[in-house]
Each structure stands twice: as C-alpha cells, then as structure tokens.
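Geometric and topological summary
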Amino acid sequence: MECKKFTFKEKLSETRFLDDLDFNEEFKIYVDCPTSGGKSYYILNYLKEREIKAVFVVDTINLAKQLSAQYQIPYYTADHKEDFNSSLIITIQHHIPKFESRETVIIDEAHTLVTEFGWKREVIEEVMISLEYYKRIIFLSGTPVTSDDSIFKGMTMIKAVKENPDKRDLRIVRYEDLGGGIIELCSFARKEKKIPVVSLLDKSSLLPKVLKALKEVGFKRIAIINSKTKITRNKEKEEEETGLVVESFGEGDDGSCYLSQLINQCRIDADVILTTYTQGYSLLGKDYLLIIAPGKNPHSFVNIVQMMNRFREDTTTLSYILTNAIIQKEGDKGIYNFPSIFDYLKTGITRKTRQRIEELNKVAKNTRTLKRQLKLLANECDQYISITREINHQSIAFKVFQLINHVMHEQLYKMSNILKYYNIGLYDDGYETNFKTGKEKRNKKNEEIMKEEILKEIDLFYKSRETESTMFMGKEFYHPKLGMKIEKNDIQNKIEDTYNELSCLGMQDKEIRELQEQHLHDTKRMNQIIKSQKIKLSTDPTLIIYRALLLKEFQVGEKLKGEEITERMNKLLIKNGMEQMRHNNAVQLFKLLFTTKTHVNKHRFYEILETF
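The sections below set out a description of the structure shown in this document. (Residues numbered from 1 in each chain as written. Predicted model: local features only at pLDDT ≥ 70, side-chain atom pairs only at ≥ 80, totals over all residues. Heavy atoms only, no water.)

**Remarks on the overall build of the chain**
Spelled out, the test is: A run of H or I in DSSP counts as a helix once it spans at least four residues, and a run of E counts as a strand once it spans at least two, with each numbered from the N terminus. We take the radius of gyration over the C-alpha atoms and set the globule estimate at 2.2 Å times the residue count to the 0.38 power. Only protein chains enter the accessibility calculation, which uses a 1.4 Å probe. A residue is then buried if its area is under 20% of the maximum for its type, exposed if over 50%, and partly exposed in between. Per-residue accessibility takes into account occlusion by the displayed protein chains alone, with areas from the Shrake-Rupley method and a 1.4 Å probe. His is not counted here, nor are the chain ends, while Lys and Arg score as positive and Asp and Glu score as negative. The atoms used to mark charge sites are NZ of Lys, CZ of Arg, CG of Asp and CD of Glu.
From N to C terminus, the chain includes 19 helices and 21 strands. Whereas a compact globule of 612 residues would reach a radius of gyration of roughly 25 Å, the chain reaches 26 Å, a difference of no more than 12%. Expressed as lengths along the three principal axes of its C-alpha atoms, the size of the chain is roughly 80 × 75 × 50 Å. When each of the 612 residues of the chain is scored for burial, the buried share is 49%. Surface exposure of the chain reaches about 32000 Å², of which carbon and sulfur atoms provide 48%. Looking at charge distribution, the chain has the averaged site of its 96 positive side-chain charges lying 4 Å from that of its 90 negative ones.

**Looking at the side chain of Asp314**
Operational definition: Here a salt bridge means any side-chain nitrogen of Lys or Arg lying within 4 Å of a carboxyl oxygen belonging to Asp or Glu. Definition of a polar contact: a pair of N or O atoms within 3.5 Å, with one able to donate and the other able to accept a hydrogen when the atoms are protein atoms, and with sequence-neighbouring residues admitted only if both atoms are side-chain atoms. Between two residues, a contact is recorded if the distance between any of their heavy atoms is within 4.5 Å.
With respect to the helices and strands, the residue Asp314 is situated in the loop between helix H8 (301-308) and strand S14 (318-322). In this structure, Asp314 is buried with no salt-bridge partner, the nearest side chain bearing the opposite charge being Lys194 at 4.1 Å. A distance of 3.5 Å separates a polar atom in the side chain of Asp314 from a polar atom in the side chain of Thr316. Once residues within four sequence positions are removed from consideration, Asp314 is found in contact with Arg168, Lys194, Gly285, Lys286 and Tyr288.

**So, the packing of helix H16 (residues 523-537) against helix H17 (residues 541-553)**
What counts here: Axis lines are fitted to C-alpha atoms, over the contacting stretch for helices. Their N-to-C directions set the angle, which ranges from 0 to 180 degrees. Angle categories: roughly parallel below 35 degrees, roughly antiparallel above 145, roughly perpendicular from 65 to 115, and oblique for all the rest. Any residue outside Ala, Val, Leu, Ile, Met, Phe, Trp, Tyr, Cys, Pro, Asp, Glu, Lys and Arg is labelled polar, Gly included; the first ten of those are nonpolar and the last four are charged.
The interhelical angle for the contact between H16 and H17, taken along N-to-C directions, is 90°, at an axis separation of 7 Å. Taken together, the axes of H16 and H17 lie roughly perpendicular to each other. From H16, Lys534, Ile535, Lys536 and Leu537 reach across to H17, where they touch Leu543, Tyr546, Arg547 and Leu550. Class assignment of the residues belonging to the contact of H16 with H17 gives a composition of five nonpolar, no polar and three charged.

**Comments concerning the sheet that holds strand S19 (residues 559-561)**
Basically, it comes down to this: Each pair of strands is called paired provided DSSP finds at least two bridges between the two strands.
Judged by pairing direction, the sheet is antiparallel, and its three strands sit side by side in the order S19-S21-S20 without closing on themselves. With one partner strand each, in any of the chains shown, S19 and strand S20 (595-601) form the two edges of the open sheet. Each strand of the sheet is rotated relative to its neighbour by a mean of 35°, with strand direction disregarded. Sheet topology note: the S19/strand S21 (residues 603-610) ladder contains three bridges and is antiparallel.

**Describing the side chain of Lys414**
Here Lys414 lies in helix H12 (residues 412-421). What makes Lys414 buried here is its relative accessible area of 9%. Apart from residues no more than four positions distant in its own chain, Lys414 is found in contact with Asp332, Tyr336, Val407 and Met408.

**Describing the packing of aromatic side chains**
Rules: Only Phe, Tyr and Trp rings are paired, with Trp represented by its six-membered ring, and only when their centres lie within 6.5 Å; those with planes under 30 degrees apart are stacked, over 60 edge-to-face, the remainder tilted. The criterion for a charge sitting over a ring is simple: Lys NZ or Arg CZ within 6 Å of the ring centre, and within 35 degrees of the ring normal.
Across all of its chains, the model carries 26 aromatic pairs by this definition. Taken together, the aromatic side chains of Phe6, Phe17, Phe23, Phe27, Tyr42 and Tyr46 make up a single cluster linked through ring pairs. The side chain of Arg190 reaches across the aromatic face of Phe219, ending 4.1 Å from its centre.

**As for helix H15 (residues 509-519)**
Stated precisely, the cut-off is as follows: The directions from the helix axis to the C-beta atoms form the arc being described.
Of the positions making up H15, those classed as buried are Ile512, Leu515, Gln516 and His519. Relative to the axis of H15, the buried residues are bounded by an arc of 100° and lie together on one face.

What follows is the structure, encoded as structure tokens:
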C-alpha cells in the first residue's frame with residue numbers, strides 16, 4: 001500500500017492533497033488524520049466550491065443535519081428525501097447504495113466498517129457491496145482500522161499529522177466498588193468546577209445504581225447521550241438509521257433541551273453527563289472532566305481515543321479510567337508493537353483460514369456438505385469461510401480488533417503502547433477509590449416482568465420458524481408460514497444468537513427452547529450453559545481433546561472441594577492450550593458438566609454422581 005505523509009499546523013486543508021486527485025479518474029484513498037484536524041471542513045468545502053458530484057457519509061442522522069446546516073449542503077434521510085437529486089449530498093451508511101450514480105463517495109469514521117462489524121454485519125456488508133460500484137472512494141478516520149477485503153486493496157494511505165500534535169493524559173484509578181468509583185470521581189469533578197462526563201459505552205446494568213447514587217450526592221440535572229436505531233419500511237423493505245438521543249434523568253431540563261444544546265452549541269449544561277456513544281458529536285469548551293468506566297463491554301482502543309477527542313478545545317485537562325487490571329503479567333516479555341501487531345495477527349489467522357479451505361476442498365465436494373461442515377464450526381477458522389469458499393476478511397479483522405482490545409484490558413502496558421500511538425499518555429500514580437454505593441435491592445417484580453417479556457419473544461421466534469406445506473405438480477413443498485415476520489430487537493438478537501450456537505451442536509429445537517426459557521434472562525448462566533454444551537457436543541478438535549481429558553480426570557464417586565475443582569480444571573486447560581478460569585466460573589461449569597450432589601460438613605464438597 002502506497003503511503004503519502006503530510007504535516008500541517010492547524011487544519012488539513014493546508015496540505016492541499018486533494019489538488020493532486022483527478023475527479024474524472026478512478027482512485028481510492030484512506031485519510032488518516034486526527035480528530036479536530038479539519039477533515040470534514042476541507043473535503044466538504046473543496047467538493048462544494050468545485051461543484052463535484054459526490055455523497056458524503058457520516059454515522060448518525062444528527063451529524064448529517066449538523067453538517068448540512070454548517071456547510072449549507074443538502075442531506076438525505078428516510079424522513080428527508082426532497083434533496084435526493086442534489087449534486088452534493090450528506091447521508092448515513094444505510095443509504096450508500098442509493099447514490100452509486102454519483103460515482104464519488106466519502107466515508108467518514110471509516111474505521112466503523114471493521115470495528116462495528118460484530119453488530120452491524122448486514123448493513124456493513126451492503127455498504128461494502130455498494131462501494132464496489134463507486135469509482136472514487138475517500139475513507140476518513142482518526143483511528144484507521146482496515147481489513148484485507150478487496151475494497152481496501154490498491155488504495156493510497158494519506159497520513160496527515162499536526163506539526164505539534166495535541167497530547168492528552170489518561171490517569172488510572174483503582175477501585176473497590178465500580179459504582180462508588182464513578183460517584184467519587186464525579187464529586188471530585190464538581191469540586192474542580194467541571195462537568196463530569198462518564199463514558200459507560202453500553203447500557204450497563206450499573207446505570208440504575210449510578211443514577212440513584214448521583215441524585216443522593218446532589219447531582220440534580222443528569223443527561224444521558226445514547227444512540228438510537230430507527231427502523232422505517234419502504235416498499236416492504238426495512239431501512240435502519242442511527243441517530244443520537246439525549247435523555248434527562250434529573251430535575252428541570254428535558255432531553256429535547258439537552259439534544260438541542262448538543263447539536264446547535266456542542267455543549268450540554270447538565271450537572272453530570274453519562275454517555276454510551278463515543279463519536280459523532282463534540283463537547284466544546286473547557287468545562288468537562290472525562291471518566292471512562294467499564295460496562296458490560298470494555299472500551300476498545302478506538303472507543304478510548306474517540307471519546308477523549310470529543311473535547312476538541314481542551315487537550316490539557318486530565319481524564320480518568322477506572323480499572324483494576326495489572327500493568328504486566330509475570331513472565332511477559334513486554335514487547336507490544338502497535339499498530340504492526342494488527343497486521344501480524346491478521347496475517348496469521350488468514351494463513352490458517354486458507355489452510356482450512358484446502359482441507360475442506362478435500363472433504364466437502366459439494367455445497368451441501370460444505371454447509372454442514374461450516375455449520376458445525378469444527379475448526380476455529382470456519383467462521384471466516386463463506387459457502388463460496390471465500391475468506392471473510394472483515395470478520396478476521398474484527399476478530400483481531402477484539403483480541404487486541406481484550407489483551408490491553410488484561411495488561412495495561414499494552415494499553416499504554418497503543419494509546420501512545422495516538423499521543424495519549426497512560427499514567428498509574430497510585431490513585432484509588434474506596435467509596436461504595438449502597439447495594440440495590442433486587443426488584444423481583446421487574447425481574448418477573450423481564451422473564452415474561454423474554455418468554456413472549458421466545459414464543460414469537462419459534463412461531464416464525466414454523467412451516468406449512470403446499471402441493472405443486474404432485475410434490476409437497478415446505479415454506480415459512482405467512483404473516484409471521486418478527487421485529488428484530490435486542491431480545492430477538494439474543495434468542496437467535498443462542499439458538500444458532502446450540503443448533504450448530506446438533507441440538508433439537510425443543511431442547512434449545514427449554515434452555516432458553518429457563519436461563520435466557522440470566523446472561524452469565526446462559527453463556528455457561530452454552531460453554532458446557534460445546535464441551536459435551538462440539539466436533540472442534542480442541543474441545544474433543546478437552547472433553548477426553550475431563551472424563552479421564554474426574555471419576556464417579558469423587559468428593560471434591562471447590563478449590564480442588566478449580567485447580568484440576570485449570571491444569572487441564574493449560575495442558576490443552578486454553579485460557580484458565582476463575583474459581584466461581586470453574587465450579588459452575590463443573591456442576592453443569594457433571595451430575596453432582598453437594599455435601600456440607602465444615603467444608604462444601606461436590607460428589608460426582610454421573611459423568612456426561
């Protein structure tokens with residue numbers, strides 16, 4: 001890949017690199033330029049002044065409207081179609097296929113084509129297909145992440161940096177209680193006359209407890225920035241659009257007031273801001289203090305960099321990250337070269353996947369047998385192979401992205417090396433917080449309501465899978481029942497994901513449904529059950545070996561303490577090259593695999609009654 005390097009003092013427009021491009025010829029470039037470097041300013045003004053026909057793509061409806069107002073360029077959404085024929089138009093990813101005739105497309109926040117592949121797979125695949133029809137493509141990102149997909153082949157990388165780059169600092173804060181850590185840091189921000197901005201990344205189960213505790217310590221005006229996907233139907237086709245919403249959970253102001261402030265003034269005048277979204281907006285001024293807190297999912301390095309860059313006018317103030325991770329594991333050599341590690345891991349998985357395709361070519365002679373092989377997921381690389389025997393490079397790049405994020409949250413020196421690349425210093429000065437929030441009482445009524453909702457969604461899911469038969473030319477054909485289409489939501493996605501994982505193991509619908517009805521409301525329990533079923537039923541060679549080791553290690557009649565179970569199971573995991581488990585997880589998995597009886601006599605013992 002060709003790489004051209006530029007430097008500028010204040011704005012990207014100083015480089016004038018667009019003057020070297022011929023908008024009558026085909027080209028493909030990826031612009032790597034830090035947030036606040038003026039990417040949108042330069043490119044939108046350049047296209048507008050020269051009346052170049054193009055579509056500029058952003059990730060939220062709000063940003064499309066904001067840029068439209070700022071640069072006086074029309075925008076297109078499902079609710080605003082009147083400017084469709086405009087020469088230059090701003091829209092979001094979902095609408096890229098509609099504008100192929102313009103032949104020139106600019107993708108802002110282009111890293112999301114890889115980093116959001118896990119939950120936007122279908123949309124991103126449509127985008128990638130559509131991009132094949134554009135003659136000129138400009139990718140933009142301050143945190144570029146690419147795959148080996150054909151759409152990225154043959155492009156030129158434009159690396160643009162400031163002569164004096166903005167440098168930011170991120171302080172590590174150890175905590176005893178996560179909710180308490182958030183509250184203590186918010187109180188510290190208030191003393192410093194700052195508005196705390198808490199990045200939780202997702203709708204964390206921690207949120208209700210934090211909201212209650214914030215009110216108890218005197219935070220009255222609380223704003224929450226979140227993303228919302230709107231689904232519209234057009235000619236029997238569903239279209240999804242992502243927008244920002246700002247909700248109010250305090251006194252006085254409502255969410256619409258806060259949203260208007262965010263879009264029109266790039267600020268929110270609340271006592272505290274909680275955000276689950278890391279890009280597509282700015283908070284201007286020097287009134288904020290960022291607190292990064294782990295939710296259900298940890299922040300990726302892209303999330304951290306993007307979140308810290310929301311504060312474009314304030315690069316000197318400290319930000320804080322709550323974590324109890326170690327600096328470095330004992331025995332680790334301490335070498336972690338970023339970003340080259342990304343390509344190294346990507347190449348390794350790709351090589352293994354190609355070898356796996358060669359193996360499949362020998363045993364799977366037709367499409368049906370290949371489908372069966374891939375459905376079993378007998379090999380770790382099968383998830384990256386399509387029915388056409390091609391490699392899904394987007395899926396590989398996303399997996400590598402996940403691996404890097406996982407390891408940096410295990411060992412902080414790796415996080416430090418990654419953030420250093422983006423001019424962010426990570427410091428451990430021994431800060432810690434011991435503040436604890438009160439324990440939330442279990443709301444049994446809400447739990448029962450949630451269980452009932454899940455049971456209804458499970459019933460809908462299996463009804464949508466029911467078939468009916470019709471006769472045609474003397475033959476009986478089966479097809480899904482008409483009128484049983486279901487709306488996709490978080491619960492339906494969870495049902496479908498768990499169904500796919502368990503059905504691949506050969507389990508029948510009745511068995512899967514029973515497990516889902518009993519345990520889907522408890523995510524941790526459901527994940528443990530899936531793990532145990534994979535150990536019992538998977539044809540993956542690694543799990544087959546682990547299964548054999550378990551059956552050899554544990555015998556009927558043994559009485560074991562929890563510590564013995566953990567020690568022996570982890571010994572087998574190490575022997576089989578697998579990741580060790582924590583004590584509680586090991587004991588829970590053991591009880592799912594073996595039929596046991598619990599004995600309590602000073603100590604708790606588990607007697608094995610039956611193996612699997």
